[in-house]
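A closer look at the structure
Here are the chains, one letter per residue:
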Amino acid sequence: MRYKLCLRDEPGWDAVTWCRSFDTSPGLWQEVRFPFSEFRPVVRGKTLAGSAGGSKEMKKSSLFSVQMMLSKYEYDGQLNPNFKEGDFELEFGAIRAIR
C-alpha cells in the first residue's frame, strides 16, 4: 500500500499540508526516514506551483499536526498506483523529527 505522511505548519485544515508518499510491503516491518526537503506543499490534493519546496518553505519549528493518510489519489488528481479497496492495517512504532 502507498500512504502519505502529512505535516501541517499552520493551524486550520485549509492550510498548506506538507506530504511525502511512501510504499509498504505486507507483513514486513520497515523503518522509513524522510528529510523535510522531500515533503511537497499541497493544498486540497494539489501541489503548489513551483513546488518541491518552491518559494514556500516548511516552518519546521511550528508543526501543528501529523497525519497518516491512505488515499485513492496521489497528487494533482493522479491515482495512487498501489491503492486497494478494503480493510488495511498500518502499525507504526514512533514518529520523530530529527535535526
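Refer to the structure above for everything that follows.
The present account deals with the structure reproduced in this document. (Residues numbered from 1 in each chain as written. Predicted model: local features only at pLDDT ≥ 70, side-chain atom pairs only at ≥ 80, totals over all residues. Heavy atoms only, no water.)

Time to look at the overall build of the chain. When you go through the chain residue by residue, the secondary structure sums to zero helices and five strands. Relative to a compact globule of 99 residues, whose C-alpha radius of gyration would be 13 Å, the chain shows 14 Å and is just as compact. If you line up the chain on its principal axes, its C-alpha atoms span 40 × 30 × 20 Å. Looking at the chain residue by residue over its 99 residues, the buried ones come to 28%. Approximately 7,300 Å² of the chain is accessible, and the part contributed by carbon and sulfur atoms is 50%. (Helix = DSSP H or I, 4+ residues; strand = E, 2+ residues; numbered from the N terminus. Rg over C-alpha atoms; globule rule 2.2 N^0.38 Å. Buried < 20%, exposed > 50% of the residue type's maximum accessible area, 1.4 Å probe, protein only. Areas by Shrake-Rupley, 256 points an atom, 1.4 Å probe, with all protein chains shown as cover.)

Either a parallel or an antiparallel arrangement is found when strands of a sheet pair, and the pairing is made through backbone hydrogen bonds. Spatial ordering of the open sheet is given by E4-E3-E2-E1-E5, a layout of five strands whose pairing is antiparallel. Each edge of the open sheet carries a strand with a single partner, namely strand E4 (46-47) and strand E5 (65-69). Bridging between strand E2 (residues 17-23) and strand E3 (residues 40-43) involves three bridges; their strand directions are antiparallel. The residue bridging Thr-17 from the neighbouring strand is Val-42, located in E3. (Pairing = 2+ DSSP bridges.)

With that out of the way, let us pick up unusual backbone geometry. Phi is positive for Arg-44, close to 50°, though the residue is something other than glycine. Within the fold, Arg-44 resides in the loop between E3 and E4. A residue is classified by how much of its surface remains accessible, and Arg-44, at 70% relative accessible area, is exposed. Although it is not a glycine, Asp-76 adopts a positive phi angle of roughly 55°. Relative to the assigned elements, Asp-76 resides in the segment after E5.

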